[in-house]
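Okay, here's what each chain looks like letter by letter:
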Amino acid sequence: MKMSFRWYGESDPISLEYISQIPGMRSIVSAVYDVKPGEVWPEESLARMKEQCEAHGLVFDVVESIPVHEDIKLGRNNVDELLDVYCENIRRCAKYGVKCVTYNFMPVFDWTRTQLDKKAPDGSTSLVMYWDQMRGLDPLKDDIHLPGWDSSYSQEEVRELISAYGAIGEEGLWRNLEKFLKKVIPVAEECGVVMAIHPDDPPYPIFGLPRIITCEEHLDRFLKIVDSPANSLCLCTGSLGCAKTNDVAKMVRKYSEMGRIGFMHIRNVKIMEDGSFEERAHLSRCGSLDIYEIVKNLVETGFDGYVRPDHGRMIWGETGKPGYGLFDRALGATYINGLFEACEKDRK
Ligand SMILES: [Mn+2]
């Protein structure tokens, strides 16, 4: 397993020096943030990222993410041109040492929460999604601004996108994903990059938008489209774990055994009675997921891909990007490292 940490580049309030001080930290997960989706990433930006990481004894070998342009997901006229740009970005990442590229295929919104700073009894804050706050919201009628949504879309654009996705439906989205994979995976294979798709967060339809990377049946279908280790999963326990019907530990064992997990996002969530969920500390007893079971399944199947502690809470008075503070993610990394050490020693 290769332990990693997400870093948002020079604008991230958390320094590479601090990240390098987390015990066992190896890799940096980052991206080029100064260009829009559908544009070619400047080589200078990649070279600089690599240099900065190396100066702190870290390796820049995971990209999260190269965003997939909405026109690719919708299969619009300019899709071939956009796919060429996407492939060029994979080649450029590989040239600067990147081994794994994460992306998602979620329509319009990357992730959905209703509050980013819900206070727990202990004073920590975290991201939550409460159905009480979601119900009654209709982006086709109201001007909705949920936290975390791309504010660059106007209300009119959001409506237009939602109706365009409604028109293609789930099967249309699968078709466009297939076209994407058939173009992109051979390029990834050629340059030694593993493409790792991130599941939909949460893994069910929101506002009628189709969502397909959601459950075991759909992950099976996804992996069969291009049956290659370069076509892999970024298995995010917290995203898949928001649906009670997903047995995350079992999925981890199955896909790791198949050699089809490139990247593990490990975090815990607490699913509430009505299906709402709260992000919690990584520890098994803090949420609904058995993180020990998940790590044990990885170790027993010989997992050697990347792992990162996913979202953390805000604790000890830290402020910053919700989910991406230093302290709780560092605690998460240490906890996960401990589980790996124990499981690996048990195995011998
Ligand atoms: Mn994730």
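Everything that follows concerns the structure shown earlier in this document.
Residues numbered from 1 in each chain as written. Predicted model: local features only at pLDDT ≥ 70, side-chain atom pairs only at ≥ 80, totals over all residues.

A few words on the overall build of the protein chain. Looking only at helices and strands, the protein chain features eleven helices and twelve strands. In terms of overall size, the protein chain behaves like a compact globule, its C-alpha atoms giving a radius of gyration of 19 Å where 348 residues would be expected to give roughly 20 Å. Projected onto the principal axes, the alpha-carbon positions of the protein chain cover approximately 50 × 45 × 40 Å. Taking all 348 residues of the protein chain together, the buried fraction comes to 43%. Restricting to contacts in the protein chain with at least 6 residues of sequence separation, those with at least 24 account for 73%. (Helix = DSSP H or I, 4+ residues; strand = E, 2+ residues; numbered from the N terminus. Rg over C-alpha atoms; globule rule 2.2 N^0.38 Å. Buried ≥ 20, exposed ≤ 12 C-beta atoms within 10 Å, placed from the backbone. Contact = placed C-beta atoms within 7 Å.)

Looking now at the nonpolar core. Formed by 82 residues in total, the largest nonpolar core has its most connected members in Val101 and Val193. The contact partners of Val193, leaving out residues within four places of it in the chain, are Ile90, Cys93, Ala94, Val98, Lys99, Cys100, Val101, Ala188 and Ala230. (Core = buried A, V, L, I, M, F, W, Y, C linked by C-beta atoms within 7 Å.)

The buried count for helix α10 (residues 291–300) comes to seven of ten residues, which makes it a mostly enclosed element. Along α10, the residues that are buried comprise Ile291, Ile294, Val295, Lys296, Asn297, Leu298 and Val299. The inward-facing, buried residues of α10 contact α8 (237–240), α9 (248–257), β9 (261–266), β10 (268–271) and α11 (327–347). At the exit of α10 stands Gly302, carrying a positive phi of roughly 70 degrees.

Right, let's get into the pairing of strand β2 (residues 27–30). What you see with β2 is no split at all: Ser27 and Val29 on one side and Ile28 and Ser30 on the other are buried throughout. Here strand β1 (residues 2–6) pairs with β2 via three bridges, running parallel. Across the sheet, residue Arg6 finds its bridge partner in β2, namely Val29. Pairing analysis gives four bridges linking β2 to strand β3 (residues 59–64), with the strands arranged parallel. Considered in β3, the bridge of Val29 is made with Val62. Read as a crossover between parallel neighbours, the route from β2 over helix α2 (residues 43–55) to β3 is right-handed. (Pairing = 2+ DSSP bridges. Right-handed = clockwise from strand over helix to strand, strands pointing away.)

The subject of this paragraph is the sheet that holds strand β11 (residues 277–280). Reading across the sheet, the four strands line up as β5-β6-β11-β10 and stay open at both edges, with antiparallel pairing between neighbours. Each edge of the sheet is formed by a strand with only one pairing partner; in this case those strands are β5 (115–119) and β10. Taking each pair of neighbouring strands and ignoring which way they run, the sheet shows an average axis angle of 40 degrees. Here three bridges tie β5 to strand β6 (residues 125–129), and the two strands are oriented antiparallel to one another. Its bridge partner lying in β6, Gln115 is registered against Val128. (Axes fitted to C-alpha atoms, helices over the stretch in contact; angles between N-to-C directions.)

On the basis of which strands lie adjacent, the closed barrel formed by eight strands has the order β1-β2-β3-β4-β7-β8-β9-β12 and parallel pairing. Recorded for the sheet is a direction-independent mean angle of 30 degrees between the axes of neighbouring strands. Bridge analysis of strand β7 (residues 194–198) against strand β8 (residues 231–236) gives three bridges, and the strand direction is parallel. Bridge pairing in β8 places Met195 opposite Asn231. The sheet contacts of helix α6 (residues 155–190) involve β7 and β8, and relative to β7 the element is tilted by about 140 degrees.

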